[in-house]
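As a plain string of letters, each chain reads:
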Amino acid sequence: MLYLLLLIGGLIVGFICHARRHFTKLVPPCRVDEQHGPLQMRRYPKLTVAEVRVSGSTALALRTGTHLLNKYFRDEQIARFALPLLAEKVDAADSIWTMSVVLPMPLEQAPAPKNKAIQLREQPPTRVIARLYHGSVSADERLAQQKAQMLPLVNDLCVKRGCQKLSTVVVMHRYPWWFPSLFRVSDLMVRVTDGEGSIA
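Notes on the structure in this doc start here.

Cut-off values and rules
- Residues numbered from 1 in each chain as written.
- Predicted model: local features only at pLDDT ≥ 70, side-chain atom pairs only at ≥ 80, totals over all residues.
- Heavy atoms only, no water.
- Pairing = 2+ DSSP bridges.
- Helix = DSSP H or I, 4+ residues; strand = E, 2+ residues; numbered from the N terminus.
- Axes fitted to C-alpha atoms, helices over the stretch in contact; angles between N-to-C directions.
- Buried < 20%, exposed > 50% of the residue type's maximum accessible area, 1.4 Å probe, protein only.
- Core = buried A, V, L, I, M, F, W, Y, C linked by side-chain atoms within 4.5 Å.
- Contact = heavy atoms within 4.5 Å.
- Phe/Tyr/Trp six-rings, centres within 6.5 Å; stacked < 30°, edge-to-face > 60°.

1. Section: the sheet that holds strand 6 (residues 119–123)
Here's step 1: Taken in spatial order, the nine strands line up as 1-2-7-9-8-4-5-3-6 in an open sheet, and their pairing is antiparallel. Unpaired on one side and paired on the other, strand 1 (31–36) and strand 6 mark the two borders of the sheet. Recorded for the sheet is a direction-independent mean angle of 30° between the axes of neighbouring strands.
Here's step 2: With four bridges connecting them, strand 8 (residues 170–173) and strand 9 (residues 185–192) associate as antiparallel partners.

Right, here's the structure in full:
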């Protein structure tokens, strides 16, 4: 019985490791310019995204946006899962979110969505301050806690680098909803302007 449990456990761990490698390959490439403790100054190239606006709590907005974008991906035979998914709260008062997924092709080659709520656009080259987060960020209180810990560090770094924030915290979900929270890694990012300066 012990050997059977060990075998099953090994298969599960192997599957999770394989899945993590697969989904990590979908993350858009970036250039890490600087590392400041847990924070990275990154630059992303121009990206093509499909985006939809949804409302609700963090978990509800994530489920709704994931469902709509996954359906678009499957209908157009792009992939099984719409990943990586960028979640940005654009109206805190009414809990309105923009959910965007990075497309693996340029805008002119992207299939037009049948659902008119989904819009295609090009995201210009972007500079961000980012950090990795391990675990689930689907709960409102957990995301609020992560923002509260990250934003003062971002503000300090912006002062030192002479840049300004262009967004609130954007969460890049690397893995599908069913992936175990224990093994999840997400990127928390704040878009910033270009700026000059040096760390004292």
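2. Remarks on the pairing of strand 7 (residues 126–134)
Here's step 1: Counting buried positions along strand 7 gives seven out of nine residues, so the element sits mostly inside the fold.
Here's step 2: Note: strand 2 (residues 39–44) against strand 7, five bridges, orientation antiparallel. Bridge assignment links Met 41 to a residue of strand 7, and that residue is Ile 129.
Here's step 3: As defined by bridge partners, strand 7 adjoins strand 9 across eight bridges and the pair is classed as antiparallel. Looking across to strand 9, one finds that Arg 131 is bridged to Leu 188.

3. Notes on the nonpolar core
Here's step 1: Among the nonpolar cores identified, the biggest contains 35 residues, and Leu 69, Met 99, Leu 103 and Ile 129 are the most heavily contacted of them.
Here's step 2: Among the elements of the structure, strand 2, strand 3 (47–55), helix 2 (58–75), strand 4 (85–91), strand 5 (96–102), strand 7, helix 3 (140–161) and strand 9 are those that each provide at least two residues to this core.
Here's step 3: Apart from residues no more than four positions distant in its own chain, Ile 129 is found in contact with Leu 39, Gln 40, Met 41, Met 150, Val 154, Leu 157, Cys 158, Leu 188, Met 189, Val 190 and Val 192.
Here's step 4: Counting eight residues, the second largest nonpolar core, distinct from the first, contains Tyr 44, Val 128, Val 170 and Met 189.

4. Focus on the packing of aromatic side chains
Here's step 1: Tallied over the full model, the rule gives two aromatic pairs.
Here's step 2: A centroid spacing of 6.0 Å and a plane angle of 70° characterise the contact between Tyr 72 and Phe 73, whose relative ring orientation is edge-to-face. The burial state of Tyr 72 is the same as that of Phe 73; both residues are buried.
Here's step 3: On the basis of an interplanar angle of 20° and a centroid distance of 4.5 Å, the ring pair of Tyr 175 and Phe 179 is categorised as stacked.
Here's step 4: Here Tyr 175 falls in the buried class, since its relative accessible area comes to 3%.
Here's step 5: For Phe 179, a relative accessible area of 2% puts it in the buried group.

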